[in-house]
Amino acid sequence: MPIFKWAFAGSLLDYGGMRTVVYPGSFDPLTNGHLDVVQRAAKLFDRVILAVAQNDSKNPLFTLRERRQLAAQCVKRLANVEVDTFDGLLVEYVERRSAQAIIRGLRAVSDFEFEFQLALMNRKLNERVETIFMMPKDTYTFLSSRIVKEIARLGGDVSPFVPPQVQTALTARLRGRRKG
Ligand code: ADP
């Protein structure tokens, strides 16, 4: 009987293991909406990897290194969240990091079509990787990095929408641009 019990416990452990999820995005820059999603994911998974995508085609305001550093500063109090960068196929990165799933945020119906297509394509590429969608707090559903950059560019106050480090970085970058 004890042998049976151990074997059963062992198989549960193998199956359970460490649950890791990758939260990919451009994070140009990280907003309070992203933070909200990370915090929720951190409660569900043993480890969350916030993976900043190179995404040069999106012509980012911040370099990959800057986006990574800003994100790392903003999540440093979350013990099971790690920040990394990646380039290339997301599903390959997920396997490389021994993660089981991808988290994406869903704000409104307008996000759905693209995210649905992306999730199904990622499943075609690797059916072991699941995509999980999370909804942020309702006050963040209208937030996007693009809108935050636009407001900052026009001199508006972005403090309700981004962590203080991001606000400072945005002001410095845009001041630099106006001078340059
Ligand atoms: P991408 O270029 O991959 O869309 P983003 O940095 O814009 O990268 O977004 C990364 C992920 O975070 C996406 O799943 C996006 O839907 C989600 N996201 C962005 N803004 C918010 C927000 N305000 N609330 C919840 N999820 C969000």
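As the structure is a prediction and not an experimental result, all values here were calculated from the model.

**Student:** What is the right way to read the overall build of the protein chain from this model?
**Tutor:** Looking only at helices and strands, the protein chain has seven helices and five strands in total. Helices (α) and strands (β) of the protein chain occur, in sequence order from the N terminus, as α-β-α-β-α-β-α-β-α-β-α-α. A separation of at least 24 residues holds for 75% of the contacts in the protein chain among residues at least 6 apart in sequence. For the protein chain, the accessible surface area stands at approximately 11100 Å², while carbon and sulfur atoms represent 57% of it.

**Student:** Got a minute to help me understand the site of the ligand in this structure?
**Tutor:** In the neighbourhood of the ligand, 17 residues make up the surrounding shell, with Tyr 23, Ser 26, Phe 27, Lys 58 and Gly 105 lying closest. His 34 has a polar side-chain atom sitting 3.2 Å from an oxygen atom of the ligand. Within the side chain of Lys 58, one N or O atom sits 2.4 Å away from an oxygen atom of the ligand. With the chains in place, 91% of the 550 Å² that the ligand exposes on its own is no longer accessible. Mapping the ligand onto the cavity grids shows that it belongs to the largest pocket. When residues of the shell around the ligand are traced back to their parent elements, those giving at least two are β1 (20–25), α2 (32–44) and β4 (101–105). A breakdown of the residues in the shell around the ligand according to their chemical character gives seven nonpolar, six polar and four charged.

**Student:** Any chance you could explain the nonpolar core here in plain terms?
**Tutor:** Counting 36 residues, the largest nonpolar core has Tyr 23, Val 48, Leu 50, Ile 103 and Leu 170 as the members making the most contacts within it. When residues of this core are traced back to their parent elements, those giving at least two are β1, α2, β2 (47–53), α3 (64–74), β3 (81–86), β4, α6 (145–153) and α7 (164–179). In terms of residues, this core owes the most to one element, α2, which gives five residues. Discounting residues that sit within four places of it in the chain, Leu 50 has contacts with Tyr 23, Phe 27, Leu 30, Val 38, Ala 71, Val 75, Glu 82, Val 83 and Asp 84. Within the second largest apolar cluster, 12 residues are counted, among which are Ala 53, Val 91, Ile 102 and Val 129.

**Student:** Any chance you could explain the packing of aromatic side chains here in plain terms?
**Tutor:** For any pair of aromatic rings, the description rests on two quantities: the centre-to-centre distance and the angle between the ring planes. Taken as a whole and judged by the stated rule, the model has four aromatic pairs. For the ring pair Tyr 23 and Phe 27, a centre distance of 5.2 Å and an interplane angle of 75 degrees mean the geometry is edge-to-face. The same class applies to Tyr 23 and to Phe 27, which are both buried. Their ring planes at 25 degrees and their centres at 5.2 Å tell us that Phe 112 and Phe 116 sit as a pair that is stacked. Taken as a pair, Phe 112 and Phe 116 lie in helix α5 (residues 109–125) at a separation of four residues, close to a single helical turn. Overall, the relative accessible area of 41% leaves Phe 112 in the partly exposed class.

**Student:** How do you make sense of the pattern of salt bridges when you look at a structure like this?
**Tutor:** Two side chains with opposite charge may pair up if their charged atoms get near one another. Counting across every chain of the model gives 11 salt bridges. In this structure, the salt-bridge partner of Asp 36 is Arg 40, at a minimum N-O distance of 2.6 Å. Residue Asp 36 and its partner Arg 40 are located together in helix α2, separated by four residues, close to a single helical turn. We classify Asp 36 as buried; its relative accessible area is 7%. On the basis of relative accessibility, which here comes to 32%, the residue Arg 40 falls in the partly exposed class. Between Glu 82 and Arg 47 there is a salt bridge; the shortest N-O distance is 3.6 Å. With Glu 82 in strand β3 and Arg 47 in strand β2, the pair connects residues that are 35 residues apart, well separated along the chain. Exposure remark for Glu 82: the relative accessible area of 27% places this residue in the partly exposed category.

Rules of the game
Residues numbered from 1 in each chain as written. Predicted model: local features only at pLDDT ≥ 70, side-chain atom pairs only at ≥ 80, totals over all residues. Heavy atoms only, no water. Helix = DSSP H or I, 4+ residues; strand = E, 2+ residues; numbered from the N terminus. Contact = heavy atoms within 4.5 Å. Areas by Shrake-Rupley, 256 points an atom, 1.4 Å probe, with all protein chains shown as cover. Near = heavy atom within 4 Å. Polar contact = N/O pair within 3.5 Å; in protein donor to acceptor, adjacent residues only side chain to side chain. 1 Å grid on protein atoms, 1.4 Å probe; cavity = no way out; pocket = protein on both sides within 12 Å on 5 of 7 lines; lining within 4 Å. Sits in = over half its atoms within 2 Å of the grid points. Nonpolar A, V, L, I, M, F, W, Y, C, P; charged D, E, K, R; others polar. Core = buried A, V, L, I, M, F, W, Y, C linked by side-chain atoms within 4.5 Å. Buried < 20%, exposed > 50% of the residue type's maximum accessible area, 1.4 Å probe, protein only. Phe/Tyr/Trp six-rings, centres within 6.5 Å; stacked < 30°, edge-to-face > 60°. Salt bridge = Lys/Arg side-chain N within 4 Å of Asp/Glu carboxyl O.

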